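# Structural overview
As a plain string of letters, each chain reads:
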Amino acid sequence: MVQLLIDRLNGLVIPDQMPEPLIQSIHAFSEVKTFPEGEHILRKGQVCHGAFFLAKGLARSYYLLEKKEVTSRLMEEGFIITSWLSFYRQQPSNEYIVAMEDCETVYLSFEDITRLYRDFPIFNVIGRKQVEYSFCQAEIRTQMFRGLTTVKRFEFFKENHPSLIQRVPLKYIASYLGMSDETLSRLRSAYRRRQSIS
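Anyway, here's the lowdown on the structure attached to this text. Just so it is clear, the structure is predicted and the values come from calculations on it, not from any experiment. (Residues numbered from 1 in each chain as written. Predicted model: local features only at pLDDT ≥ 70, side-chain atom pairs only at ≥ 80, totals over all residues. Heavy atoms only, no water.)

## Regarding the sheet that holds strand β3 (residues 50-56)
Through backbone hydrogen bonds, the strands of a sheet pair up, either in parallel or in antiparallel fashion. Across the sheet, 4 strands lie side by side as β1-β8-β3-β6; this open sheet has antiparallel pairing. Unpaired on one side and paired on the other, β1 (31-35) and β6 (80-81) mark the two borders of the sheet. On top of the sheet, helix α4 (residues 110-119) reaches β3 and β8 (103-109); it is set at about 60° to β8, its chief contact. (Pairing = 2+ DSSP bridges. Helix = DSSP H or I, 4+ residues; strand = E, 2+ residues; numbered from the N terminus. Contact = heavy atoms within 4.5 Å. Axes fitted to C-alpha atoms, helices over the stretch in contact; angles between N-to-C directions.)

Here it is as structure tokens:
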């Protein structure tokens, strides 16, 4: 399972490859952790002490707004699961992360990641590219809310996350897209009707 993480990190430095001593260190520091469906990986108020590479499964991050859950991220295989502000600042998280399916992860602690940054300059490049990716994903979602109608938001989600349409319960997708369950249900029904006609 750790090899999946190695492949993911190597993909961030193509055409270069991580040196063997770095790969050996990642193997040494990595810990396989599993979370059954419904278990929280992180709760509000806890400090995020590491990052999880999601090898198998599905996870969701959310926050509470007037006692209602608002989905902020949906993470499938290949994602790095962490609460970014809590992780980098080592301060209590303001969000929850929960396993939506049985999850198999590869865990690296904050201390070990910091050690990899110190000992291997190329790992700083990997870290920067991962942060760039996460920032771009957050910015795309922000722009989606600023400029797209509910119809366009649904179409954007469907085109960019086709597998999640089948795996994620409707209410969580609706929350992620900033619309009611009823609105999303109508949009999905209309989409299916168009698909059956074409």
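Having put the structure on the table, let's press on.
## Things to note about the nonpolar core
A general trend in soluble globular proteins is that nonpolar side chains are found buried together. Grouped together as the largest cluster of nonpolar side chains are 35 residues, with contacts concentrated most on L9, M18, I26, I81 and F123. For this core, the element with the highest residue contribution is β3, accounting for 5 residues. Excluding residues that lie within four positions of it along the chain, F123 makes contacts with L9, L22, I26, I113, L116 and Y117. In terms of nonpolar packing, the next biggest core, distinct from the first, is built from 17 residues, M100, V168, A174 and M179 among them. (Core = buried A, V, L, I, M, F, W, Y, C linked by side-chain atoms within 4.5 Å. Buried < 20%, exposed > 50% of the residue type's maximum accessible area, 1.4 Å probe, protein only.)

## As for the pattern of salt bridges
Charged atoms that come close allow side chains of opposite charge to pair. What the rule picks out here adds up to 9 salt bridges. In this structure, E95 engages R73 in a salt bridge whose closest nitrogen and oxygen atoms are separated by 2.8 Å. Separated by 22 residues along the polypeptide, E95 in the loop between α3 (84-89) and β7 (96-99) and R73 in strand β5 (residues 68-75) bring together distant segments of the chain. One salt-bridge network, held together by shared partners, links E76, E77, E101 and R167. (Salt bridge = Lys/Arg side-chain N within 4 Å of Asp/Glu carboxyl O.)

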